[in-house]
Amino acid sequence: MQALSFLTALSFMVSLIVIMAENFYLVLQYQKIKKALANDPEAKIEKMRKFSKKWEHHQVLFKGYRDATFMTQAYMFFFILRAFLYNFFVSYLFEYPVAQAVLMFLLSLAMLVYMLVTNPFKSRLNMLEILIYEICIILTNLLVLIMAAQDDNGDSEAS
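Predicted model only: the values in this text are computed from it and were never measured.

### Regarding the overall build of the protein chain
Part 1 of the argument: Along the backbone of the protein chain there are six helices and zero strands.
Part 2 of the argument: The buried share among the 159 residues of the protein chain stands at 29%.
Part 3 of the argument: Put simply, of all contacts in the protein chain between residues at least 6 apart along the chain, 63% involve residues at least 24 apart.
Part 4 of the argument: Total accessible area computed for the protein chain in this model is approximately 10800 Å², and 68% of it derives from carbon and sulfur atoms.

### Quick notes on the pattern of salt bridges
Part 1 of the argument: What the rule picks out here adds up to one salt bridge.
Part 2 of the argument: The partner of E134 in a salt bridge is R82, with the nearest N and O atoms 2.6 Å apart. Here R82 lies in helix α4 (residues 75-92) and E134 lies in helix α6 (residues 124-158), a separation of 52 residues in the sequence.
Part 3 of the argument: In this structure E134 comes out as buried when scored by relative accessible area, which is 0%.

### Focus on the side chain of S108
Part 1 of the argument: Structurally, S108 is set in helix α5 (residues 97-118).
Part 2 of the argument: Polar side-chain contacts of S108 include one of 2.6 Å to the side chain of N141.
Part 3 of the argument: Apart from residues no more than four positions distant in its own chain, S108 is found in contact with R82, Y86, E134, I137, I138 and N141.

### Digging into the nonpolar core
Across soluble globular proteins, nonpolar side chains have a tendency to be buried as a group.
Part 1 of the argument: Grouped together as the largest cluster of nonpolar side chains are 14 residues, with contacts concentrated most on Y75, Y114, M115, F121, M127 and L131.
Part 2 of the argument: With six residues, α5 is the single largest residue contributor to this core.
Part 3 of the argument: Ranked by size, the runner-up nonpolar core spans five residues in total, among them Y86, M104, L107 and I137.

### Some thoughts on a nonpolar patch on the surface
Part 1 of the argument: Taken together, V102, L103, L106, L109, V113 and V117 make up a surface patch of nonpolar side chains, about 470 Å² in accessible area.
Part 2 of the argument: Residue position: L106 is located in helix α5.

### Structural notes on the packing of aromatic side chains
Part 1 of the argument: Under the definition given, this model contains five aromatic pairs.
Part 2 of the argument: By the ring-pair criterion, three or more aromatic residues cluster together here, those being F77, F78 and Y114.
Part 3 of the argument: Taking NZ or CZ as reference, R82 lies 5.7 Å from the ring centre of Y86, over its face.

What counts and how
- Residues numbered from 1 in each chain as written.
- Predicted model: local features only at pLDDT ≥ 70, side-chain atom pairs only at ≥ 80, totals over all residues.
- Heavy atoms only, no water.
- Helix = DSSP H or I, 4+ residues; strand = E, 2+ residues; numbered from the N terminus.
- Buried < 20%, exposed > 50% of the residue type's maximum accessible area, 1.4 Å probe, protein only.
- Contact = heavy atoms within 4.5 Å.
- Areas by Shrake-Rupley, 256 points an atom, 1.4 Å probe, with all protein chains shown as cover.
- Salt bridge = Lys/Arg side-chain N within 4 Å of Asp/Glu carboxyl O.
- Polar contact = N/O pair within 3.5 Å; in protein donor to acceptor, adjacent residues only side chain to side chain.
- Core = buried A, V, L, I, M, F, W, Y, C linked by side-chain atoms within 4.5 Å.
- Patch = residues over 30% accessible without salt bridge, like charges linked within 9 Å, V, L, I, M, F, W, Y side chains within 5 Å.
- Phe/Tyr/Trp six-rings, centres within 6.5 Å; stacked < 30°, edge-to-face > 60°.
- Lys NZ or Arg CZ within 6 Å of the ring centre and 35° of its normal.

Spelled out as structure tokens, the structure:
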């Protein structure tokens, strides 16, 4: 059983590292092309067309986002990282529901603050949709946190 737990944790870490590496590679490639072609608009259009064609299956990672800074381009990385951390908390902290709820709430709050500070989307409509989604997640996590805290208090009073 111990070996299975170790392999699960190892698998999780390897997949997280691979996804992080892919995201950073795509963002760095995009930044490199953007910087190299800043002064030549015609060459920039052609290079961006080639880049989009080459990475068309991965456009969800870079299309539709502002590209002013790395922090705005890294939205998808943070979104995927949060999903991995949620799964990690659920898998490994199942004996500590209050800790799970607190960490999930803090992750959601951090994501909301990140989005409000960086405004990573080109479209206001996309930003509004994702903000509503994030607010729903925060409210859900807050309710789970309240229930976990009440359950924890109820268990200690019964004993």
